[in-house]
Amino acid sequence: MGGEAPEPRRLTREMSFGGVWVPEEMLQKVIGFVEDPRDREAASLVCRRWHRVDALTRRHITVPFCYAVSPARLLARFPRLESLVVKGKPRAAMFGLIPDDWGAYARPWVTELAAQLECLKALQLRRMVVTDDDLAELVRARGHMLQELKLDKCTGFSTDGLRHVARSCRSLRTLFLEECQIFDNGSEWINDLAVNNPFLATLNFHMTDLRVMPADLELLARNCKSLISLKISDCDLSDLISFFRLATALEEFAGGTFNEQGELTNVKFPSRLCSLGLTFMGTNDMPIIFPFSGVLKKLDLQYTFLTTEDHCQLIAKCPNLLVLAVRNVIGDRGLGVVADTCKKLQRLRIERGDDDPGLQEEQGGVSQEGLTAIAVGCRELEYIAAYVSDITNGALESIGTFCKKLYDFRLVLLDREERITDLPLDNGVRALLRGCTKLRRFALYLRPGGLSDAGLGYVGQYSGNIQYMLLGNVGETDDGLIHFALGCANLRKLELRSCCFSERALALAIQQMPSLRYVWVQGYKASQTGRDLMLMARPYWNIEFTPPSPENADRLMEDGEPPVDSQAQILAYYSLAGRRLDYPRSVVPLYPA
């Protein structure tokens with residue numbers, strides 16, 4: 001008030017708590033409330049004391065790539081972990097683009113951590129090679145405490161390993177095996193699981209080839225009164241009548257099959273069921289859902305034989321859906337019904353269906369018409385993943401205008417139609433990125449000409465908050481990639497496919513992205529040696545190069561796709577573990593040499 005201006009406050013590490021020394025116990029409790037991993041990372045850099053407190057109070061860690069850090073180093077840094085997630089092979093492995101012998105073995109993680117992490121209660125391994133011996137060693141050390149085991153898209157083990165888990169664990173609440181490749185040596189593991197783990201709440205072996213006996217599921221329902229989620233492989237629904245009668249707490253069910261001779265009139269789903277995904281369901285089987293369709297919050301129709309009209313009839317009876325997964329057979333007409341009916345929808349997934357004219361909408365799958373309707377009608381959407389046959393800038397602009405809560409957007413433009421209505425999609429992509437400010441994950445796989453250099457520059461300019469990105473068939477020249485790289489301030493993971501860029505441009509672009517921790521590229525202007533990739537060499541940055549295979553350059557597999565090794569691949573990632581030692585012969589480690 002007329003006096004001298006106060007001296008600017010100088011914050012010190014001590015003054016962050018008012019200049020008062022905070023007791024260790026209180027500091028541990030305060031930092032214990034910080035859950036976001038990036039906030040935790042920032043707090044650990046304040047001083048040595050905070051670094052130590054972070055190490056002692058960190059309860060959960062996600063290792064985004066299994067070669068980014070050694071198990072021993074992780075153990076030394078966070079000795080009291082209760083929950084651990086380790087991710088293995090690149091995402092491209094889900095599409096058959098990574099050789100089976102590529103690596104990502106669970107053995108070193110299990111050997112180093114199973115006995116030493118004395119507080120470990122939950123473990124998730126994703127896209128890793130897990131053996132029966134690994135499972136046996138894990139449960140010998142942690143079976144008495146393990147509450148959650150998730151093996152997501154893993155390979156290498158059998159039901160013998162699952163019997164080790166079922167017999168050694170006593171407190172399992174979650175066993176997740178979806179899309180794992182498991183050798184089936186019998187279904188006894190389900191019986192053992194039911195006998196030894198009465199607190200089991202979630203069991204998922206959906207999309208596996210495991211056999212299941214109805215009697216085992218009945219025992220599971222009888223012994224595990226807290227079972228709320230069950231996703232299984234093939235088993236006729238008419239054989240599950242007793243199971244559904246016993247599983248009174250069940251809220252989620254997926255799997256099962258429909259037999260033409262099966263008697264469905266006696267199938268009664270539990271009263272609490274609100275999430276459903278039935279496989280091989282046809283038009284005549286739909287009425288089984290009608291009595292409780294109004295209370296469904298999640299519906300998965302990806303593995304059904306329903307037509308466009310069937311989708312329209314069924315979804316019109318499901319006004320409370322939060323999550324919907326379908327194939328593009330739903331068509332624009334079906335998406336119009338979704339937009340009119342499902343006003344609370346938060347997640348929408350539209351997978352590519354079989355190119356069977358008998359199962360496709362007359363107008364040709366999903367296009368800008370359906371996506372525009374969804375954007376206008378479903379404004380609570382947080383996640384959209386869609387395979388489309390046609391798309392326009394206007395449809396993308398609609399998503400940017402109306403879907404303000406969107407944090408994850410993925411679009412794949414199929415090559416089914418000879419002509420796309422509106423290319424390039426530069427302005428539409430710009431409008432979407434500018435409008436959807438909460439986006440953290442973004443994927444755009446187009447056709448040649450789908451995004452110009454200017455459009456690629458827009459992606460970099462307006463994606464400052466995006467942390468994961470997949471781009472395919474984008475850009476025209478190396479200049480577009482360089483302009484893209486000047487943005488993306490917070491991008492941590494980048495995947496590129498089928499692009500026109502040179503090795504030199506890729507290396508220079510990667511150098512321009514300060515937060516980048518992982519990049520995978522397939523389909524670019526590659527050399528036989530990957531020599532220009534050395535331009536991005538720096539400390540703690542591993543570069544692996546998979547040269548193209550000349551003998552397979554023009555060969556196609558039985559499904560019409562080129563073999564895995566017909567195109568060069570680049571994998572570069574930040575690592576504190578140095579060069580890995582288990583790479584296959586097809587991979588050339590460029591740096592460190």
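Scroll up to find the structure this text is about.
Described below are features of the structure shown in this document. (Residues numbered from 1 in each chain as written. Predicted model: local features only at pLDDT ≥ 70, side-chain atom pairs only at ≥ 80, totals over all residues. Heavy atoms only, no water.)

All told, the structure shown has zero disulfides when counted by the stated rule. For the unlinked cysteine C312, the closest cysteine sulfur is that of C342, found at 11 Å. Taking relative accessible area as the criterion, C312 reaches 9% and is therefore assigned buried. With no disulfide partner, C499 has as its closest neighbouring cysteine sulfur the one in C500, 6.7 Å distant. (Disulfide = S-S within 2.5 Å. Buried < 20%, exposed > 50% of the residue type's maximum accessible area, 1.4 Å probe, protein only.)

In this fold, H206 is placed in the loop between β8 (202-204) and α9 (214-223). Take H206: its relative accessible area is 5%, and that puts it in the buried class. For H206, the side chain forms a polar contact with the main-chain oxygen of I232, separated by 3.0 Å. (Helix = DSSP H or I, 4+ residues; strand = E, 2+ residues; numbered from the N terminus. Polar contact = N/O pair within 3.5 Å; in protein donor to acceptor, adjacent residues only side chain to side chain.)

Moving on, we get to unusual backbone geometry. Cis rather than trans, the peptide bond between L423 and P424 has omega equal to 0°. Among the secondary structure elements, P424 is positioned in the loop between β16 (408-413) and α15 (426-435). A cis amide bond, omega -5°, links Y591 with the succeeding residue P592. Within the fold, P592 resides in the segment after β23 (588-591). Of note in this structure, E179 is not a glycine but carries a positive phi near 60°. Inspection of the secondary structure assignment puts E179 in the loop between β6 (174-176) and β7 (181-183). Residue E179 is classed as partly exposed on the basis of its relative accessible area of 38%. One non-glycine residue, M207, lies in the positive phi region at around 60°.

In this section: the pairing of strand β11 (residues 275-278). Side chains S275 and G277 project from β11 onto one buried face, and the interleaved L276 and L278 project onto a second face that is buried too. Bridge count for strand β10 (residues 252-255) against β11 is four bridges, and the pairing is parallel. Within β11, the residue paired with A254 across the bridge is G277. When β11 meets strand β12 (residues 298-300), the two strands line up parallel, connected through two bridges. Residue pairing in the sheet places L276 in a bridge with L299 of β12. (Pairing = 2+ DSSP bridges.)

Time to look at the pattern of salt bridges. Taken as a whole and assessed by the stated rule, the structure comprises 21 salt bridges. We note a salt bridge from R211 to D184, for which the minimum N-O separation is 3.2 Å. Remark: D184 occurs in the loop between β7 and α8 (188-196) and R211 occurs in the loop between β8 and α9; sequence separation between them is 27 residues. We classify R211 as exposed; its relative accessible area is 52%. Residue classification places D184 among the partly exposed positions, given a relative accessible area of 23%. Here E309 and R333 are joined by a salt bridge, their closest N and O atoms 2.8 Å apart. Highlighted residues: E309 in helix α11 (residues 308-315) and R333 in helix α12 (residues 331-341), separated in sequence by 24 residues. The partly exposed category is assigned to E309, whose relative accessible area is 36%. We classify R333 as partly exposed; its relative accessible area is 38%. One network of salt bridges, with partners in common, ties together R40, D54, R58 and R77. (Salt bridge = Lys/Arg side-chain N within 4 Å of Asp/Glu carboxyl O.)

What follows covers helix α6 (residues 132-142). Counting buried residues in α6 gives eight out of 11 residues, a clear majority hidden from the surface. Taken together, the buried positions of α6 are D132, D134, L135, A136, L138, V139, A141 and R142. As for α6, its buried residues are in contact with α5 (107-113), β3 (122-126), β4 (148-152), β5 (155-158) and α7 (159-168). (Contact = heavy atoms within 4.5 Å.)

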